[in-house]
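# Notes for the structure review
Residues per chain, in single letters:
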Amino acid sequence: MNEKIPLLIDTDPGVDDALALLMAFDDPRHRVVGLSIAAGNVGLRHTVANALKLCEVAGVDVPVFAGCPVPLVHEAEDAAYVHGLDGFGDTGYAPAAKRAESEHAAMAIIRLAREHSGKLLLVALGPLTNLALAVRLDPELPEHVGRLVIMGGAVTGQGNTSVPAEFNIGFDPEAAAVVFRAFPQFDLADWEAVLRHGFLHTDFAAWLTGGDHRARFYDSISLKTRAWSEGKRGLHWHSADALAMAVALAPEGIAQAETRHVAIETEGRLSRGATVVDWAGRNDQAANARIALSYDQAAFEARIRGALGA
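Here we summarise the structure given alongside this text.

Calculation criteria
Residues numbered from 1 in each chain as written. Predicted model: local features only at pLDDT ≥ 70, side-chain atom pairs only at ≥ 80, totals over all residues. Heavy atoms only, no water. Phe/Tyr/Trp six-rings, centres within 6.5 Å; stacked < 30°, edge-to-face > 60°. Lys NZ or Arg CZ within 6 Å of the ring centre and 35° of its normal. Salt bridge = Lys/Arg side-chain N within 4 Å of Asp/Glu carboxyl O. Helix = DSSP H or I, 4+ residues; strand = E, 2+ residues; numbered from the N terminus. Buried < 20%, exposed > 50% of the residue type's maximum accessible area, 1.4 Å probe, protein only. Axes fitted to C-alpha atoms, helices over the stretch in contact; angles between N-to-C directions. Parallel < 35°, antiparallel > 145°, perpendicular 65-115°, else oblique. Left-handed = near helix turned anticlockwise from the far one by under 90°. Contact = heavy atoms within 4.5 Å.

Let us look at the packing of aromatic side chains. Within the structure shown, the criterion is met by 13 aromatic pairs. Ring-pair connections join several aromatic residues into one group, and the members of that group are F199, F204, W207, Y218, W237, Y295 and F300. Between the NZ or CZ atom of R305 and the centre of the ring of W207, over which it lies, the distance is 5.7 Å.

This is the structure in structure tokens:
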């Protein structure tokens, strides 16, 4: 009854990914068995280095697997203008001593899903390139994943990359389409939910000041991003991947959800990357996504404070 849940995180660190990873490392009910790394927020060389450094800062020994350096089909622009050219605020941190494993991320996903068949919690915080490749290599993969949580999408078309598209889905829509079709059920934390679950910049600054060495590191790597966010979105700071991680680690905190069929638009001139939700059940397809519409805000913030040692 006390056995920890194995947790595999597919991620592209990234400032908000870093906060989510600290939350996962801090959770006593889960054991992180690997980090599979994609390109997205910045290029793969940086996202791998950032994952390794964060493990070092947190004092955890978690294998890091480098994955796909580009989307499946089309090139895409990264989000270095938000996260810094290196994804961690261009602080010039000393690289981690540890190096990534030789196994490709997609192969690691397949192996770990089979090793922990029916038990694995898989959390996808970045573009879904690695997971799509894993599904193509092993079509039985969804049968072995106990639960999949995806951070992505904008369920009523209010995106942050284009009018309808959220960054993770918009970066590699073809990969997202593969994953959304392959998995019969998954939890979805979308960008619009993220905007409903911000917290004051002043509160977050206080948590950083009151935290431990993890908070000091996170303060430095997030400074540039927080300044950008304050200029763009005002008084509240938003961490998309942190919300998805809260949904993953403590699903009992989901206050409202709707289960619907969700598909990915890959061809529309104005809607490429859109998450198309069948709200009215018109297409007669089985619902595949439990969409988290709201989450216990106090519990969410408490989990972030804990991850920062505050």
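This part takes up the pattern of salt bridges. Two side chains of opposite charge can pair, provided their charged atoms sit close to one another. Considering all chains together, one arrives at 17 salt bridges under this definition. Put simply, K224 and D90 hold a salt bridge, and the shortest N to O gap is 2.9 Å. Here D90 lies in the loop between α3 (80-83) and α4 (105-115) and K224 lies in helix α11 (residues 213-233), a separation of 134 residues in the sequence. Judged by its relative accessible area of 33%, D90 falls in the partly exposed class.

Take the packing of helix α1 (residues 15-26) against helix α2 (residues 44-58) next. Closest axis-to-axis distance for the α1/α2 pair is 11 Å, and the angle between their directions is 40°. Compared by their axis directions, α1 and α2 come out oblique. Between α1 and α2 lies a crossing whose hand is right-handed. Where α1 approaches α2, its residues A18, L21, L22 and F25 are matched on the opposing element by L54, C55 and A58.

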